[in-house]
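Chain residues, written in single-letter form:
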Amino acid sequence: MVILGQDPYHGPKQANGLCFAVHEGITLPPSLKNIYKEIESELGKPVEQNGDLSRWAVQGALLLNATLTVRAHLAGSHQNKGWEQFTDAVVKAVSDQREHVVFLLWGNYARQKGAHIDRSKHLVLESAHPSPFSAANGFFGNSHFKKANEYLIEHGKDPIDWA
């Protein structure tokens, strides 16, 4: 399982190395709130309202941003500084060296990473970004969490406990 984000959150003490995640005790960013809303809607069970997504990482989810650093309060400020080549290589390596990986590409920036994925041996799910500016344009109702787990089970892998 690979979830791709754009860049780290840029507010004080928000970024923790996992895309869409924040440290426990930090106010949930709007995109993460929308991710939780979609999970609850799809799966019909409440999600722990904690921004620490390491619970997904320990189950095998790689939560990767396309750009790994950002200047405080300036989203996208470290784009085109070389991170994209590194993260393209990571995505390509996962695609080349593994089978039956689910890639969740939310938003146009993440969709660009799809060019490095062998879609004949992986499931690639794309939709609008979970940001409040775009979630209503295809993120809500995308059923990605359910589809991802169905695919993992179908291929003999453990599903992710999203709650």
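Shown above is the structure to which this text applies.
Each chain has its residues counted from 1, running along the sequence as written. Per-residue local features are limited, in this predicted model, to residues with pLDDT of at least 70; the limit for side-chain atom pairs, both in listing and counting, is 80 or more; totals at the level of whole chains, interfaces and linings are taken over all residues. With hydrogens and water excluded, all non-hydrogen atoms of the structure serve as input to the side-chain values.

Side note on helix 1 (residues 30-43)
Numbering of helices and strands runs from the N terminus; a helix is a DSSP stretch of H or I covering at least four residues, while a strand is a stretch of E covering at least two. One fewer than the residue count of a helix, multiplied by 1.5 Å, yields its expected span. End to end, helix 1 covers 20 Å across 14 residues, agreeing with the expected 20 Å (1.5 Å per residue, within 8%). Summary of the burial criterion: residues with accessible area below 20% of their type's maximum are buried, those above 50% are exposed, and those between are partly exposed, where the area comes from a 1.4 Å probe applied to protein chains only. Those residues of helix 1 not exposed but buried are S31, L32, N34, I35, Y36, E38, I39 and E42. Contacts: residue pairs with any heavy atoms within 4.5 Å of one another. Considering only its buried residues, helix 1 is in contact with helix 2 (54-57), strand 3 (102-106) and helix 5 (144-154). G44 sits one or two residues past helix 1 and shows a positive phi near 65°.

Observations concerning the packing of aromatic side chains
Aromatic contacts are taken between Phe, Tyr and Trp rings whose centres are within 6.5 Å, Trp giving its six-membered ring; a plane angle under 30 degrees counts as stacked, one over 60 as edge-to-face, and the others as tilted. Scanning the model with the defined rule gives seven aromatic pairs in all. Ring geometry for W56 against W162: centres 4.9 Å apart, planes inclined by 85°, an arrangement best described as edge-to-face. Remark: W162 occurs in the segment after helix 5 and W56 occurs in helix 2; sequence separation between them is 106 residues. Accessibility classification places W56 together with W162 in one group, the buried group. Connected via pairs of aromatic rings, a cluster forms that spans F20, W56, W106, F139, F140, F145 and W162.

Overview of unusual backbone geometry
The phi dihedral of F20 falls on the positive side, at around 70°, and the residue is not glycine. You can see F20 is positioned in the loop between strand 1 (2-5) and helix 1. A positive phi is found at H100, a non-glycine position, where the angle reads about 60°. Mapped onto the elements, H100 comes out in the loop between helix 3 (83-97) and strand 3. We classify H100 as partly exposed; its relative accessible area is 24%.

Some words on the sheet that holds strand 1
Two strands are counted as paired when DSSP detects at least two bridges linking them. The strand order 2-1-3-4 describes an open sheet built from four strands, whose pairing is parallel. Of all strands in the sheet, those bounded by a partner on one side alone are strand 2 (62-65) and strand 4 (123-127). Strand-to-strand twist across the sheet, computed as the mean angle between neighbouring axes with direction ignored, equals 20°. Note that strand 3 and strand 4 share five bridges and pair parallel. Pairing of F103 across the sheet is with V124, part of strand 4. The angle between two axes is taken between their N-to-C directions and runs from 0 to 180 degrees, where each axis is a line fitted to C-alpha atoms and a helix contributes only its stretch in contact. The strands that helix 3 touches are strand 1, strand 2 and strand 3; relative to strand 2, the one it contacts most, it runs at about 150°.

Looking at the layout of surface pockets
Think of a 1 Å grid over the protein atoms and nothing else: a 1.4 Å probe that fits but is trapped marks a cavity, an open set flanked by protein within 12 Å on at least five of seven lines marks a pocket, and residues with an atom within 4 Å of a point count as lining. Grid points are joined across faces, edges and corners, and a volume is the space filled by probe spheres set on the points. A volume near 430 Å³ is recorded for the largest pocket. For the largest pocket, the lining is made up of 23 residues, of which D7, Y9, S31, A75 and H129 are closest to its centre. In this count, Pro and Cys sit with the nonpolar residues alongside Ala, Val, Leu, Ile, Met, Phe, Trp and Tyr, while Asp, Glu, Lys and Arg are called charged and the others, Gly among them, polar. Taken together, the residues of the lining of the largest pocket break down into 12 nonpolar, 10 polar and one charged. For the second largest pocket, the calculated volume is near 200 Å³.

Without other data, these values stay purely geometric and don't point to any function.
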